[in-house]
Amino acid sequence: MGRQGHSRVILRAENLTKHYGEFRALRGVTLGVSTGEFVSIIGPNGAGKSTLINLLTGLARPTSGTVRFKDRDIGGIGPVKLAKLGMARSFQLVQIFPDLTVLETLQAAVAARLGRGRRIFASLTGDREIQDGALEVAELFGLGVRRHALARELPQGDKKLLDVASAFALRPEIILLDEPTSGVSTADKTRIMEILVRAAKTIGLRAIIQVEHDMDIVFGYSDRIIALHQGAVLADAAPSDIQADRRLVDMVVGRRH
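Now for a quick tour of the structure.

Parameters at a glance
Residues numbered from 1 in each chain as written. Predicted model: local features only at pLDDT ≥ 70, side-chain atom pairs only at ≥ 80, totals over all residues. Heavy atoms only, no water. Pairing = 2+ DSSP bridges. Helix = DSSP H or I, 4+ residues; strand = E, 2+ residues; numbered from the N terminus. Axes fitted to C-alpha atoms, helices over the stretch in contact; angles between N-to-C directions. Contact = heavy atoms within 4.5 Å. Salt bridge = Lys/Arg side-chain N within 4 Å of Asp/Glu carboxyl O. Buried < 20%, exposed > 50% of the residue type's maximum accessible area, 1.4 Å probe, protein only. Patch = residues over 30% accessible without salt bridge, like charges linked within 9 Å, V, L, I, M, F, W, Y side chains within 5 Å. Areas by Shrake-Rupley, 256 points an atom, 1.4 Å probe, with all protein chains shown as cover. Expected span 1.5 Å × (residues − 1). Parallel < 35°, antiparallel > 145°, perpendicular 65-115°, else oblique. Left-handed = near helix turned anticlockwise from the far one by under 90°.

**A word on the pairing of strand 1 (residues 9-20)**
Okay, step 1: Pairing between strand 1 and strand 2 (residues 23-34): eight bridges, direction antiparallel. The residue bridging L16 from the neighbouring strand is V29, located in strand 2.
Okay, step 2: What sits between strand 1 and strand 2 in their antiparallel hairpin is a turn of two residues, with G21 showing a positive phi close to 65°.

**Focus: the sheet that holds strand 3 (residues 38-42)**
Okay, step 1: Strand order in the open sheet made by the six strands is 6-7-8-3-9-10, with mixed pairing throughout. Looking at which strands have only one partner, the edges of the open sheet turn out to be strand 6 (87-89) and strand 10 (232-237). Strand-to-strand, the axes of this sheet are offset by a mean angle of 15°, without reference to chain direction.
Okay, step 2: On the sheet, helix 6 (residues 156-168) packs against strand 6 and strand 7 (174-178) and is oriented at approximately 155° with respect to strand 7.
Okay, step 3: Where helix 10 (residues 246-253) meets the sheet, its contacts fall on strand 3, strand 9 (224-229) and strand 10, and the angle it forms with strand 10 comes to roughly 130°.

**What about the pattern of salt bridges?**
Okay, step 1: Enumeration according to the criterion identifies 15 salt bridges in this entry.
Okay, step 2: In this structure, E37 and R224 form a salt bridge, with 2.9 Å as the shortest nitrogen-oxygen distance. One end of the pair, E37, is in the loop between strand 2 and strand 3; the other, R224, is in strand 9, and 187 residues separate them in sequence. R224 shares its class with E37; the two are buried.
Okay, step 3: Close ionic contact of E153 with R152 constitutes a salt bridge, the shortest N to O distance being 3.7 Å.
Okay, step 4: The exposure class assigned to R152 is partly exposed, which follows from its relative accessible area of 41%.
Okay, step 5: Put simply, R146, D158, D188 and R191 are held in one network by salt bridges that share partners.

**A few points about the environment of G142**
Okay, step 1: Structurally, G142 can be placed in the loop between helix 5 (128-140) and helix 6.
Okay, step 2: As for G142 and A165, which are separated by 23 residues in sequence, their C-alpha atoms are 9.9 Å apart.

**Considerations on the sheet that holds strand 4 (residues 64-69)**
Okay, step 1: Within the open sheet, the four strands sit side by side as 2-1-4-5. Their pairing is antiparallel. The sheet terminates laterally at strand 2 and strand 5 (72-73), the two strands that pair on one side only.
Okay, step 2: Across two bridges, strand 4 lies against strand 5 in antiparallel orientation. In the sheet register, F69 faces strand 5, and the bridge partner there is R72.

**Details of a nonpolar patch on the surface**
Okay, step 1: A cluster of nonpolar side chains, namely L59, F91 and I96, defines an oily patch on the protein surface of about 270 Å² accessible area.
Okay, step 2: Within the secondary structure, F91 sits in the loop between strand 6 and helix 3 (93-96).
Okay, step 3: Residue F91 is classed as partly exposed on the basis of its relative accessible area, which comes to 33%.

**Some thoughts on helix 4 (residues 102-113)**
Okay, step 1: Given a rise of 1.5 Å per residue, twelve residues ought to cover 16 Å, and the 17 Å separating the end C-alpha atoms of helix 4 matches this to within 8%.
Okay, step 2: Along helix 4, nine of the twelve residues are buried, which leaves the element largely enclosed by surrounding structure.
Okay, step 3: At the exit of helix 4 stands G115, carrying a positive phi of roughly 75°.

**Notes on the packing of helix 4 against helix 6**
Okay, step 1: It is at 8 Å that the axes of helix 4 and helix 6 come closest, and there the two elements cross at 25°. It follows that helix 4 is roughly parallel to helix 6 by the angle criterion. Helix 6 is crossed by helix 4, and the crossing has right-handed handedness. Within the contact between the two elements, helix 4 uses V102, T105, L106 and A109 and helix 6 uses L162, A165 and S166.

Structure below.
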């Protein structure tokens, strides 16, 4: 991605709070993501990362505050309508549909993008547009040679790649990745990040947001880092500024998975 100077803010959260009964998961979170940015959200367990992601992707409504994507309020809009607007989130589809092949998994995502979701479990091979779209994404992510392999039989690194590729198959303008490199080797982490950054440029993705625990990945690929702690934004700065504050890093990294 890379910094784009005074780029237009494409996603903005204003003074978000989220209460679950007496528990305040988020407290006055404000942030913006501009065109061309790769933004990482970090924080210890319980910092509010999952809650923030659910609000940013319209899965939940904030108790107060607003989330606007392309100047439209998306609070509680849900993933289907959000994808049509141009934002996608990576879900662990391999876990949900383990008996689909790589190609079938990507075909399901392409079918959803084209409004043919009802055909997900019918034969999609006869639909040339779906077939071509799925193959294109498979090749983009280096999964073409494994396209007929069952998703559950893939090595862990390729399972992660397939999850990311499924979100890319929706052809979003902005994508949100939930720990795209968790549970894989260091070599696979770098491979996954290099592939997704290259794919983002190829399809003209406007912004990437990721939640990630691996600090080497966070510092190596982010344009900006948002650090959460106890439901509030502790820091929102360039990687070099975050990295220079050892106390801050220790506070927000917390216990790793």
